[in-house]
Amino acid sequence: MSTAEALPLVSVIIPCRTTTPELDQCLDALHRLVYPNFEVLVITDEPASDGRDSVRYLASGAVGPADKRDQGARESRGTILAFIDDDAYPDGQWLRKAVEVFADPQVAAVGGPGVTPPEDSFLARASGWISSSYLGGGVQRYRFIPEKARWVDDYPSMNFLVRRSAFEKAGGFGTHFFPGEDTKLCLAIVNDGGKIRYDPGVLVYHHRRNLIVPHLRQIAQYGIHRGHFARIYPRTSRRLNYALPSLFLVGLILGPLISLAAPPLWFVYVAAVALYGVALALSGAEVAVRSRSLAMGVVTALGIALTHLVYGGAFIKGFAARSLER
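Conventions and cut-offs
- Residues numbered from 1 in each chain as written.
- Predicted model: local features only at pLDDT ≥ 70, side-chain atom pairs only at ≥ 80, totals over all residues.
- Heavy atoms only, no water.
- Pairing = 2+ DSSP bridges.
- Helix = DSSP H or I, 4+ residues; strand = E, 2+ residues; numbered from the N terminus.
- Salt bridge = Lys/Arg side-chain N within 4 Å of Asp/Glu carboxyl O.
- Buried < 20%, exposed > 50% of the residue type's maximum accessible area, 1.4 Å probe, protein only.
- Contact = heavy atoms within 4.5 Å.
- Axes fitted to C-alpha atoms, helices over the stretch in contact; angles between N-to-C directions.

Q: Would you mind going over the sheet that holds strand S11 (residues 204-206) with me for this structure?
A: Note: strands within a sheet are paired through backbone hydrogen bonds, in either parallel or antiparallel orientation. Ordered in space as S5-S11-S7, the three strands form an open sheet in which the pairing is mixed. Looking at strand neighbours, the two that pair on one side only are strand S5 (88-90) and strand S7 (114-115), the edges of this open sheet. Where S7 meets S11, two bridges bridge the pair, whose relative direction is parallel. Bridge pairing in S11 places Gly 114 opposite Val 204.

Here it is in structure tokens:
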């Protein structure tokens, strides 16, 4: 038996609307993986091909990423399903590290960090610094930079691997939600007793949206869906860290009004805003040191504040929505 045959077959599934330079970069990186036993399925709206014998292209029609991933899973052969976005590309050790984690039989799924590529533009890298900073990313910054391994119960599908048996038992993604389809799948896995492991070695590079407008549009979508999920999927979404930006936004707006009725509270309001300003300054300084760019620190600090405000408002909107457009 060859080395490849002794290792589990991994099906790498990439949903996208059409072929792009970012997809080509992803496929080139997959070709350089040290892991020998995998297949690649790309699911596009319309039939496509790039002449690569190692890639299977499937046409899905104009459906969402979750539907595309489910189709790819149905037509794949691997015992492990590896989901990666078309605007991401893997480190050379990606699959080898993931399969090592799956050696633990209690592991149903594995996630790893999506690191901002060094070749991204200044404004795209600023978006990445927001997510990987303590104030911007918070307790989930490990999703964007390598941190210590841990158990998690929710993980984004931009870098998510799952046993086929656990995926099928959970009913796949089984939703038209986007973003947030991964939350539904992870919830089904943990509700069934499965465990999800985060490992920093299971690393991909994930291109970011530019500040300010593209980044904030994406943040608004995340906020809307997380807010809605806080109402319908409370086990993994009704958490203080998700609601904090909304509480900050409400306090920022209502604080002056409340202070009119209770003047002593004005000092509390000013102190809270000043404390937030200090936290922003410290985050900007942290980024400036880590990036070796004062301009990056300043832009990131501004981006963190805007991200909190937009996400906070979107979270409230999503929580109040009876349903979301699918």
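Moving on, there is more to tell.
Q: Before we go on, may I ask you to explain the pattern of salt bridges in this structure?
A: Any two side chains of opposite charge can pair, given that their charged atoms come close. Inspection of every chain in the model, using the stated rule, returns 17 salt bridges. The partner of Asp 24 in a salt bridge is Arg 52, with the nearest N and O atoms 4.0 Å apart. With Asp 24 in helix H2 (residues 21-31) and Arg 52 in the loop between strand S2 (38-44) and strand S3 (55-59), this residue pair connects regions lying 28 residues apart in the sequence. The class for Asp 24 is partly exposed, based on a relative accessible area of 32%. The exposure class of Arg 52 is partly exposed, given its relative accessible area of 24%. With a shortest N-O distance of 2.4 Å, Arg 239 and Asp 153 are connected by a salt bridge. Residue Arg 239 is located in the loop between helix H10 (234-237) and helix H11 (240-261), and its partner Asp 153 is located in the loop between strand S8 (150-152) and strand S9 (159-163); the two are separated by 86 residues in the primary sequence. Assessed through its relative accessible area of 30%, Arg 239 is described here as partly exposed. Through salt bridges with shared partners, one network takes in Arg 141, Glu 147, Arg 150, Glu 286 and Arg 290.

Q: I keep staring at the pairing of strand S4 (residues 80-84) and nothing clicks. Help me out?
A: Sheet faces and side chains relate simply in a regular strand, where the side chains alternate between the two faces. Counting buried positions over the five residues of S4 gives five, a clear majority of the element. Here S4 shows two buried faces, one formed by Ile 80, Ala 82 and Ile 84 and the other by Leu 81 and Phe 83. Inspection of the sheet shows strand S1 (residues 10-15) paired to S4 by four bridges, in the parallel sense. Residue Ser 11 lies in a different strand from S4, and its bridge partner there is Leu 81. With five bridges connecting them, S4 and S9 associate as antiparallel partners. Bridging across to S9, Leu 81 finds its partner in Val 162.

Q: Can you help me understand the environment of Gln 71 in this one?
A: Looking at the element boundaries, Gln 71 is found in helix H3 (residues 65-74). Linking Gln 71 and Ser 60, residues eleven residues apart in sequence, is a C-alpha distance of 7.6 Å. In this structure Gln 71 touches Ile 43, Leu 58, Ala 59 and Ser 60, once residues within four positions along its chain are discounted.

Q: What is the right way to look at the environment of Val 202 in this model?
A: Position of Val 202 among the secondary structure elements: in the loop between strand S10 (195-198) and S11. By relative accessible area, Val 202 is classed as buried at 0%. In this structure the C-alpha to C-alpha distance between Val 202 and Lys 184, which are 18 residues apart in sequence, comes to 22 Å. When residues no more than four places from it in sequence are discounted, the contact partners of Val 202 are Trp 94, Lys 97, Ala 98, Val 110, Gly 111, Gly 112, Pro 113, Asn 159 and Leu 161.

Q: Help me understand the environment of Pro 47 in this model?
A: Structurally, Pro 47 can be placed in the loop between S2 and S3. Sequence separation of Pro 47 and Thr 18 is 29 residues, and the distance between their C-alpha atoms is 8.9 Å.

Q: In this structure, what is going on with the sheet that holds S9? I would like to understand it.
A: The strand order across the open sheet formed by eight strands is S3-S2-S1-S4-S9-S6-S10-S8, and the pairing between neighbours is mixed. With one partner strand each, in any of the chains shown, S3 and S8 form the two edges of the open sheet. Neighbouring strand axes in the sheet, compared pairwise and without regard to direction, differ in orientation by 25° on average. Running over the sheet, helix H8 (residues 181-191) touches strand S6 (107-111), S9 and S10 and is turned about 35° from S9.

Q: Please explain the pairing of S10 as it appears in this structure.
A: Side chains Ile 196 and Tyr 198 project from S10 onto a buried face, and the interleaved Lys 195 and Arg 197 project onto a face without burial. Of the pairings in the sheet, the one linking S6 to S10 comprises four bridges and is parallel in character. Paired with Val 107 across the two strands is Lys 195, which belongs to S10. Here S8 pairs with S10 via three bridges, running antiparallel. In the sheet register, Trp 151 faces S10, and the bridge partner there is Arg 197.

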